[in-house]
Amino acid sequence: MKSIRIWGGRPLGGTVSIQGSKNATLPIMAAAVLHKGITVLHNCPKIADVLFMEKILTHLGAKVCWKGNSLHLDCSSLKCTNIPDKYACQMRCSIILLGALLGRFGKGAIAPPGGCVIGKRPVDLHVSMLEAFGARIEEKGGVLKAYAPELKGGEFCFPKQSVGATEHAMIAAALAKGVAHLKNCAREPEIIWLAEFLNGMGASVEGAQTGEITIRGVNALHDSEFYTPPDRIVAGTYLCAAAITRGKIVIENPPVKELPAFLGVYGKMGGQYDMVGGKLVADGSKAYGPVSRLETEVFPGFSTDLQSPVMAVLSLAHGKSHIRENIFEDRFRVAEDLIRMGARIRINGKDAYIDGTKKLYGCPVTAQELRGGAALILAGLAAQGQTRIDNFHLVERGYERIQEDIRRLGGNASVEEE
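Residues numbered from 1 in each chain as written. Predicted model: local features only at pLDDT ≥ 70, side-chain atom pairs only at ≥ 80, totals over all residues. Heavy atoms only, no water.

K.L.:
Would you mind showing me how to read the pairing of strand β16 (residues 272-276) here?
P.N.:
In summary, the side chains of a regular strand alternate between the two faces of the sheet. Bridge count between β16 and strand β17 (residues 279-283): five bridges; the pairing is antiparallel. Pairing of tyrosine 273 across the sheet is with alanine 282, part of β17. Here β16 hands over to β17 after two residues, with glycine 277 in that stretch at a positive phi of 60°. (Pairing = 2+ DSSP bridges. Helix = DSSP H or I, 4+ residues; strand = E, 2+ residues; numbered from the N terminus.)

Right under this line is the structure:
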């Protein structure tokens, strides 16, 4: 088991570069299965989830090679169409490989996917979408088995916006016969990046920014290279680190256009920022302000993935704050450990009420999921004394060498493995 130790009390300062996006990389890796050839992903983050997906693709028959942070995928010799539980259980997004396998082979099977324990994330939208495109899906022994000698385009309206299901539909429809029209689609930046990647290897995807996407099926795709954009959630986390330690940082490659709602909240807390020469200069020295009401929403609203880091910052605000979580019903798990560190937080269903305190105190805590673990690291950076955060492997699912970035910014962090 890995743990990270944080010695708090130091304002962060310095320059940091943001890793490639986790949420953009994973669906793009799945989409690479469609092509009988080579895909190169530059600026690819070496995080646990990407390495899990790499293991799955290798199991399917792909040849994988890393050259620095460039990931080379050769999917020309794929033969296997079954993804067993030992791989699928590692992360929820593995389900989108089912559509890629259907598009490539006309069949596929996957065990129930797993991932973070932040609430129910059923796969019913994925199943109904694939069935709308002509797939026959059955469950046997806890395994989803899908068959479709030929996927066909058509119209599908998502009953609710879902990033994963939208990505899945885009991948499944890329090689389908005819035209697929998707309505009420998610509009997160990762949808746009996936569309750009698919088009870059010969697919025809339109409307990714609009919520209504049209995919005209093509017969084949070709080799391609893609530069993975910086991770907006990591960027937001580091801005929270500056705010909670009252520090000042510079982000070299900021995905500013993907953070409008977060930057609005950052400003309400008293954080100041400016773009200088393409870099984001952020000053968190006055980030004491509470936020009277913050609600998580689908993009372009405030991201649920940044809710826990902001909760950590607000635990030291000068006043009362209120957060409503609308995306996942179990996203407040981190509150229990923040309370152990001295935070004053009351949870009532979808609502968290935070009464800012003057100090947090280091103590042993445990990450229960990815973003909550990041929030505990932030709390540790501001706390008096030492904080040990167990289950650090959950944080590594989304952050590439976060301890090194903390040290680069003047913080004190070390990782231990028992």
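K.L.:
Sorry, what's going on with the sheet that holds strand β15 (residues 248-251) here?
P.N.:
Within a sheet, each strand pairs with its neighbour through backbone hydrogen bonds, oriented either parallel or antiparallel. Ordered by their spatial adjacency, four strands build an open sheet running β2-β15-β17-β16, and the pairing between neighbours is mixed. Looking at which strands have only one partner, the edges of the open sheet turn out to be β2 (13-16) and β16. For this sheet the average axis-to-axis angle between neighbouring strands, irrespective of direction, equals 15°. Bridge count between β2 and β15: four bridges; the pairing is parallel. Across the sheet, residue valine 16 finds its bridge partner in β15, namely isoleucine 251. (Axes fitted to C-alpha atoms, helices over the stretch in contact; angles between N-to-C directions.)

K.L.:
I keep staring at the sheet that holds strand β11 (residues 179-183) and nothing clicks. Help me out?
P.N.:
The four strands lie next to each other as β10-β11-β13-β12, forming an open sheet whose pairing is mixed. Looking at the sheet topology across the chains shown, the edges are occupied by β10 (155-157) and β12 (204-206). For this sheet, the mean angle separating the axes of adjacent strands, direction not counted, is 15°. Relative to strand β13 (residues 213-216), β11 runs antiparallel, the two being bridged by four bridges. Paired with alanine 180 across the two strands is isoleucine 215, which belongs to β13.

K.L.:
Explain the environment of glutamate 188 here, please?
P.N.:
With respect to the element layout, glutamate 188 can be found in the loop between β11 and α7 (189-200). The class of glutamate 188 is buried, set by a relative accessible area of 9%. A polar atom in the side chain of glutamate 188 sits 2.8 Å from the backbone nitrogen of phenylalanine 299. (Buried < 20%, exposed > 50% of the residue type's maximum accessible area, 1.4 Å probe, protein only. Polar contact = N/O pair within 3.5 Å; in protein donor to acceptor, adjacent residues only side chain to side chain.)

K.L.:
It is not clear to me how the packing of helix α8 (residues 232-245) against helix α12 (residues 370-382) should be interpreted in this structure. Could you clarify?
P.N.:
Think of two packed helices as two axes; the pair is described by the angle between the axes and how far apart they sit. Close contact between α8 and α12 brings their axes to 9 Å; oriented N to C, the two are set at 25°. Relative to α12, the element α8 lies roughly parallel. The chirality of how α8 crosses α12 is right-handed. In contact with Ile233, Thr237, Cys240, Ala241, Ile244 and Thr245 of α8, α12 contributes Arg371, Ala374, Leu378, Ala379, Leu381 and Ala382. Class assignment of the residues belonging to the contact of α8 with α12 gives a composition of nine nonpolar, two polar and one charged. (Parallel < 35°, antiparallel > 145°, perpendicular 65-115°, else oblique. Left-handed = near helix turned anticlockwise from the far one by under 90°. Contact = heavy atoms within 4.5 Å. Nonpolar A, V, L, I, M, F, W, Y, C, P; charged D, E, K, R; others polar.)

K.L.:
What should I look at first to understand the packing of helix α5 (residues 124-132) against helix α6 (residues 163-173) in this one?
P.N.:
At their nearest, the axes of α5 and α6 sit 9 Å apart, and the two run at 25° to each other. With respect to their mutual orientation, α5 and α6 come out roughly parallel. The two elements α5 and α6 meet at a crossing, and its hand is right-handed. Contact residues: α5 offers Leu125, His126, Met129 and Leu130, while α6 offers Gly164, Ala165, His168, Ala169 and Ala172. For the contact of α5 with α6, the per-class residue count stands at six nonpolar, three polar and no charged.

K.L.:
What is the right way to read the pairing of strand β5 (residues 70-74) from this model?
P.N.:
By the bridge criterion, four bridges tie strand β3 (residues 38-42) to β5 in an arrangement that is antiparallel. Its bridge partner being in β5, leucine 41 is matched across the sheet by leucine 71. Bridge analysis of strand β4 (residues 63-67) against β5 gives five bridges, and the strand direction is antiparallel. Residue pairing in the sheet places lysine 67 in a bridge with serine 70 of β5. Hairpin connection between β4 and β5: a loop of two residues separates the two successive antiparallel strands, and glycine 68 in this loop has a positive phi of roughly 65°.

K.L.:
It is not clear to me how the pattern of salt bridges should be interpreted in this structure. Could you clarify?
P.N.:
It is possible for side chains of opposite charge to pair when their charged atoms get near one another. Counted according to the given criterion, the structure contains 20 salt bridges. A salt bridge links glutamate 396 to lysine 2, with the nearest nitrogen and oxygen atoms 3.0 Å apart. Here the residue glutamate 396 occupies a position in the loop between α13 (392-395) and α14 (402-408), and lysine 2 occupies one in strand β1 (residues 2-7), the gap between them amounting to 394 residues. In this structure, arginine 388 and aspartate 390 form a salt bridge, with 3.0 Å as the shortest nitrogen-oxygen distance. Look at arginine 388 and you get partly exposed, because its relative accessible area is 24%. Assessed through its relative accessible area of 11%, aspartate 390 is described here as buried. Sharing partners across several salt bridges, the network here consists of Lys22, Asp49 and Arg397. (Salt bridge = Lys/Arg side-chain N within 4 Å of Asp/Glu carboxyl O.)

K.L.:
What is the right way to look at α8 in this model?
P.N.:
Every α-helix carries 3.6 residues per turn, so stepping three or four residues along brings you back to the same face. Taking 1.5 Å of rise per residue, 14 residues should cover 20 Å, and α8 covers 20 Å from first to last C-alpha, within 8% of that figure. When you tally the buried positions in α8, you get 14 out of 14 residues, the bulk of the element. The residue sitting at the N-terminus of α8 and contributing the capping side-chain oxygen is aspartate 231; that oxygen lies 2.9 Å from the backbone nitrogen of isoleucine 233. Directly beyond the C-terminal end of α8, a positive phi value near 60° is found at arginine 246. (Expected span 1.5 Å × (residues − 1).)

K.L.:
Before we go on, may I ask you to explain empty space enclosed by the protein in this structure?
P.N.:
If you roll a probe as big as a water molecule over the atoms, it shows you where there is empty space left. This model, assessed by the stated rule, comprises three cavities of 30 Å³ or more. What the largest cavity holds in volume is close to 70 Å³. Lining the largest cavity are 13 residues, with Arg232, Glu258, Phe262, Gly301 and Ser303 sitting closest to its centre. Looking at the lining of the largest cavity, the elements with two or more residues in it are α8 and α9 (260-268). Tallying contributions element by element places α9 first for the lining of the largest cavity, with three residues. Approximately 50 Å³ is the volume found for the second largest cavity. What lines the second largest cavity is Leu12, Tyr238, Ala241, Ile377, Leu378, Leu381, Ile402, Ile406 and Leu409. Of all the elements in the fold, those that place two or more residues in the lining of the second largest cavity are α8, α12 and α14. (1 Å grid on protein atoms, 1.4 Å probe; cavity = no way out; pocket = protein on both sides within 12 Å on 5 of 7 lines; lining within 4 Å. Points joined across faces, edges and corners; volume = space filled by probe spheres on them.)

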